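A structural walkthrough
Given next are the chains, with one letter for each unit.
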Amino acid sequence: MALEILDPAIELMGDFMDAEENRWWIRPLKALMYVTVFSITPLYFYFT
């Protein structure tokens, strides 16, 4: 259920980031997103 809702948003965000790859603000944003995802995922599995 959640994947059905999030999948189009993830696709759009990926396409946007690919199109804007060379902008100065994309790289820090990507790093922040990766850190957030890889920080939340272990916490999710730890507490469930």
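The structure we're discussing is the one just above.
Structural notes, computed from the coordinates. Bear in mind that the values here come from a model prediction, so they are computed numbers and not experimental data.

Our next topic: the packing of aromatic side chains. As enumerated under the stated definition, the model contains two aromatic pairs in all. Both rings, one in Tyr44 and one in Phe45, keep their centres 5.2 Å apart while their planes meet at 75°; by these two values the pair is edge-to-face. Phe45 carries the same exposure label as Tyr44, and that label is exposed. Judged by centre distance (4.9 Å) and plane angle (85°), the ring pair of Tyr46 and Phe47 falls under edge-to-face. For the pair formed by Tyr46 and Phe47, the shared burial category is exposed.

Attention shifts here to a negative patch on the surface. On the surface, Asp7, Glu11, Asp15 and Asp18 cluster together into a negatively charged patch. For Asp18, the position within the fold is in helix 1 (residues 2–19).

What follows concerns a nonpolar patch on the surface. Together, Met13, Phe16, Trp24, Trp25, Leu29, Leu32 and Met33 make up an exposed nonpolar region whose accessible area comes to about 730 Å². For the nonpolar patch, the secondary structure elements donating two or more residues are helix 1 and helix 2 (26–47). No other element matches helix 2, which puts three residues into the nonpolar patch. With respect to the element layout, Met33 can be found in helix 2. Exposure remark for Met33: the relative accessible area of 30% places this residue in the partly exposed category.

Rules of the game
- Residues numbered from 1 in each chain as written.
- Predicted model: local features only at pLDDT ≥ 70, side-chain atom pairs only at ≥ 80, totals over all residues.
- Heavy atoms only, no water.
- Phe/Tyr/Trp six-rings, centres within 6.5 Å; stacked < 30°, edge-to-face > 60°.
- Buried < 20%, exposed > 50% of the residue type's maximum accessible area, 1.4 Å probe, protein only.
- Patch = residues over 30% accessible without salt bridge, like charges linked within 9 Å, V, L, I, M, F, W, Y side chains within 5 Å.
- Areas by Shrake-Rupley, 256 points an atom, 1.4 Å probe, with all protein chains shown as cover.
- Salt bridge = Lys/Arg side-chain N within 4 Å of Asp/Glu carboxyl O.
- Lys, Arg positive; Asp, Glu negative; His and termini not counted.
- Charge placed at Lys NZ, Arg CZ, Asp CG, Glu CD.
- Helix = DSSP H or I, 4+ residues; strand = E, 2+ residues; numbered from the N terminus.

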